[in-house]
Amino acid sequence: MPPRVRLPAPVRLTRRFRLTLRVRLTLLFAVGTGIALVLAGFLFYLLLRANLRDAVDSELRTRSDVLAARIADRYADGAEPNPASARDAATLLAGGGPIAQVLTADGQVIASSADAGRTALATGAALSTAHARAVWAKAHPHRDGETDEPIRVYALPVHVSGPTGRTTLIAVVGLTTRPTDSAEDRVRNVMVVATAPLVALSGLAAWLLAGAALRPVDRMRREAAAMADAEDHALAGPRPGPGGPDPRPAPAPGPAPGPGPGPAAALALAVPATRDEIEALARTMNDLLARLHAARARDRAFIADAGHELRTPLTVLKAELELAARPGRSVAELREAIAGASEETERLIRLAESLLTLARMDGGHLRADPVAVDEVLDRAVRAAGGHAGQRGVRLAVAITPADRPLAVLGDADLLRQGVDNLLTNAVRHAPAGSVVDLLARRDAPGDTVTVQVRDHGGGFPVAFLPHAFERFRRADAARGREQGGTGLGLSIVAAIAAAHGGTARVSNHRDGGAVVTIVLPAAAPPPPAPDPPAGGAPPTAAHPGTAASGPSTAAAAGGSPDQRWSRRSG
């Protein structure tokens, strides 16, 4: 059996045509103009036709009234209505126009003008109706054995007194419709012939107007494409190697804080001075470009800083492992190398956890559950008590009973992590024998909750305050690395506050020490916790204004204070 041959799939010859906005606007305007012209021409034609026919009918009524008056005068003496001679017919039909007749009730022609012919213009149903009332009809007069052009006929009954009693005569007048029909045809032909050029002219005008209106948009598109190409060329340029300078780019400033039009000229589109939607679009795009550039610069700086921070512990870890792998090392040296490697690994874990927290904040993944902030603060102080006691620092919580519970909507774990970071930094920089104050209150009129942590150390450097919440920023970079800090603690605090719809700020107290304040939107209090099981010890909580310190508090939280505290904070 021969092998089956698979035929190729048929090639589709369909093609998708993409019409530009200018073409679409032109076509739409041209079609709209054509429809408007057709409707307007049709209405004008109907109105003109009605007016012309009204003029014909008005003239026929006037002629019929004159003819009816002459008939009444002619037969006022009771004469018998017989066919009149040519002279009498001309006299009788005077005023009736070139087409006029006088008929008997049975349709016999008494008098007829030359253009009306000898055949009755009103016959059949029109003649029967004309006995009682005026009637309109159409007729074709016969002259010299030929049918003439159509005319519009108006027949009016005239009642006269004859020898045999009251007799009804019918006055018939007519008027040719050729002039009106010719006028209608001329108007119709003119409109038909003129529609196509008018549509073409409207389409050309729409093309020019659309081009003029969209020219600034096209210019902005070209400028944006040129900026993208320039950035691509800049990114494709040479980069420093491992031995070169620090590859971390300096954060690019955003738009000027003043009332300027937008970002720097190299990253801004030309704003047309048109005072319309195009100008508003250009300004909005400039603002968007500035924000995108600033965000991209922050991302690049963040990536570079993260790589820089990861490189140091990885380099140290590699060196420790290489030294430990060398032959002839003593047990003490191996233990020291393993301890150093463990310390750098712990630092890497803290950095990774901080980066994951920031990524979670940037991604907007946040629970929205009622959280009692005062309980979170109490638990954080109990957990940090052991670490603070080892450094000779006391922790004091100040929450008035009237403010409890301090409820917000959010993630309890994230709020706890933010408070842990603040306490870690405060304990790290507080001198021995001092107190770290933790204050929480509900602000009037009760729509926000404020959490404030203050130490009594040297405070933040003044130059560091505007950059305190930037990632990988340290007030003292060398000292921070020696103490295991990653420079992400305050950044995480600011990200957690922003994710909960709040704000964070730093300052120096006038009496000395650093102050970090978090303001969060208040919420309804969470439901009360269930009662503990019988025989179980109720959880302890730090009371307002009391100091929480010492190893017993840390043991209540569980685990080694130093190990657990160093894993939680960054």
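Please read these numbers as outputs of a predicted model, since none were measured by experiment.

> Got a minute to help me understand the packing of aromatic side chains in this structure?
What characterises a pair of aromatic rings is the spacing of the ring centres plus the angle enclosed by the ring planes. Following the criterion strictly, the structure yields one aromatic pair and no others. Between the aromatic rings of tryptophan 136 and tyrosine 154, the centroid separation amounts to 4.3 Å while the plane-to-plane angle is 40 degrees, which identifies the pairing as tilted. Placement of tryptophan 136 in strand 3 (residues 135-139) and of tyrosine 154 in strand 6 (residues 151-162) is noted, with a sequence separation of 18 residues between them. Overall, the relative accessible area of 27% leaves tryptophan 136 in the partly exposed class. Across the ring face of tryptophan 207, the terminal group of arginine 22 is positioned such that the distance to the ring centre comes to 3.9 Å. Over the ring of tyrosine 75 we find arginine 74; its NZ or CZ atom is 5.1 Å from the centre of that ring.

> What is the right way to read the packing of helix 7 (residues 373-390) against helix 8 (residues 412-429) from this model?
A pair of packed helices can be characterised by two numbers: the angle between their axes and the separation between those axes. Packing of helix 7 against helix 8 brings their axes to within 10 Å, and their N-to-C directions diverge by 35 degrees. Here helix 7 and helix 8 pass one another in a crossing that is right-handed. Across the interface between the two elements, Val376, Leu377, Arg379, Ala380, Val381, Ala383, Ala384, His387 and Ala388 from helix 7 touch Leu415, Arg416, Val419, Asp420, Leu423 and Val427 from helix 8. Its residues assigned to classes, the contact of helix 7 with helix 8 shows eleven nonpolar, one polar and three charged.

> I would appreciate a short explanation of the nonpolar core in the present structure.
Nonpolar side chains in soluble globular proteins tend to be buried together. Within the largest apolar cluster, 44 residues are counted, with the highest numbers of intra-cluster contacts made by Leu377, Leu423 and Val436. Mapped by element, the contributors of at least two residues to this core are helix 6 (331-363), helix 7, strand 9 (394-398), helix 8, strand 11 (435-443), strand 12 (448-454), helix 10 (489-499) and strand 14 (514-521). The next biggest cluster of nonpolar side chains, apart from the first, holds 21 residues, and it includes Ile71, Leu92, Leu93 and Leu156.

> Before we go on, may I ask you to explain the pairing of strand 14 in this structure?
Sheet faces and side chains relate simply in a regular strand, where the side chains alternate between the two faces. Summarising burial for strand 14: seven of the eight residues are buried, a large majority. Across seven bridges, the pairing between strand 12 and strand 14 is antiparallel. Residue pairing for strand 14: valine 449 is matched across the bridge by leucine 520. Here strand 13 (residues 503-508) runs beside strand 14; their pairing, made up of six bridges, is antiparallel. Bridged to threonine 503 within strand 14 is valine 519. In this structure, the hairpin formed by strand 13 and strand 14 is closed by a connection of five residues, where glycine 512 is found at a positive phi of approximately 105 degrees.

> What exactly am I supposed to notice about the pattern of salt bridges here?
For side chains bearing opposite charge, pairing can occur when the charged atoms are close. For the structure on display, the rule yields twelve salt bridges. Residue arginine 188 pairs with aspartate 185 through a salt bridge whose shortest N-O separation is 2.6 Å. With arginine 188 and aspartate 185 both in helix 4 (residues 178-235), this residue pair falls three residues apart, about one helical turn. Judged by relative accessible area, arginine 188 falls into the partly exposed class, the value being 32%. A relative accessible area of 32% places aspartate 185 in the partly exposed class. For arginine 221, the salt bridge is made with aspartate 218, and the minimal N-O distance between the two is 2.9 Å. Of this pair, arginine 221 and aspartate 218 both sit in helix 4, three residues apart, roughly one helical turn.

> Would you explain the side chain of threonine 168 in this entry?
As for its position among the elements, threonine 168 is in strand 7 (residues 165-176). When its relative accessible area of 19% is taken as the criterion, threonine 168 is described as buried. Within the structure, threonine 168 has its side chain in polar contact with the side chain of histidine 159 (distance 2.9 Å). Excluding its chain neighbours within four sequence positions, the residues that come into contact with threonine 168 are Thr104, Ala105, His131, Pro157, Val158 and His159.

> I keep staring at the side chain of serine 64 and nothing clicks. Help me out?
Relative to the assigned elements, serine 64 resides in helix 1 (residues 21-74). Given the relative accessible area of 0%, serine 64 is considered buried. The residues contacting serine 64, other than those within four sequence positions of it, are Tyr154, Leu156 and Val173.

Conventions adopted
Along each chain, numbering runs from 1 in the same order as the chain's sequence is written. Note on the predicted model: pLDDT of at least 70 is required for a residue's local features to be given, and 80 or more for side-chain atom pairs to be given and counted; whole-chain, interface and lining totals, by contrast, use all residues. Water and hydrogen atoms were dropped before computing side-chain values, which therefore reflect all heavy atoms in the structure. Only centres within 6.5 Å qualify two rings of Phe, Tyr or Trp (six-membered ring in Trp) as a pair; their planes then separate them into stacked at under 30 degrees, edge-to-face at over 60, and tilted for everything else. Labels follow the DSSP assignment, with helices taken as runs of H or I lasting at least four residues and strands as runs of E lasting at least two, numbered in each case from the N terminus. Burial status follows relative accessibility: with a 1.4 Å probe on protein chains alone, a residue under 20% of its type maximum counts as buried, one over 50% as exposed, and anything between as partly exposed. As a reminder, the over-ring test applies to NZ of lysine and CZ of arginine, requiring each to be within 6 Å of the ring centre and within 35 degrees of the ring normal. Angular values range over 0 to 180 degrees, each being the angle between N-to-C directions of two axes fitted as lines to C-alpha atoms, with helices fitted over their stretch in contact. Take the far helix as your reference; a near helix turned counterclockwise from it by less than a right angle gives a left-handed crossing, and one turned clockwise gives a right-handed crossing. For this analysis, residues touch if any pair of their heavy atoms sits within 4.5 Å. The residue classification treats Ala, Val, Leu, Ile, Met, Phe, Trp, Tyr, Cys and Pro as nonpolar and Asp, Glu, Lys and Arg as charged. All others, Gly included, are polar. Here, nonpolar core means buried Ala, Val, Leu, Ile, Met, Phe, Trp, Tyr and Cys residues that are tied together by side-chain atoms lying within 4.5 Å of each other. Should DSSP find at least two bridges between two strands, the strands are regarded as paired. Salt-bridge detection follows one rule: a side-chain nitrogen of Lys or Arg within 4 Å of a carboxyl oxygen of Asp or Glu. Polar contacts here mean pairs of N or O atoms no more than 3.5 Å apart (in protein, one a potential hydrogen donor and the other a potential acceptor; neighbouring residues in sequence count only if both atoms are side-chain atoms).

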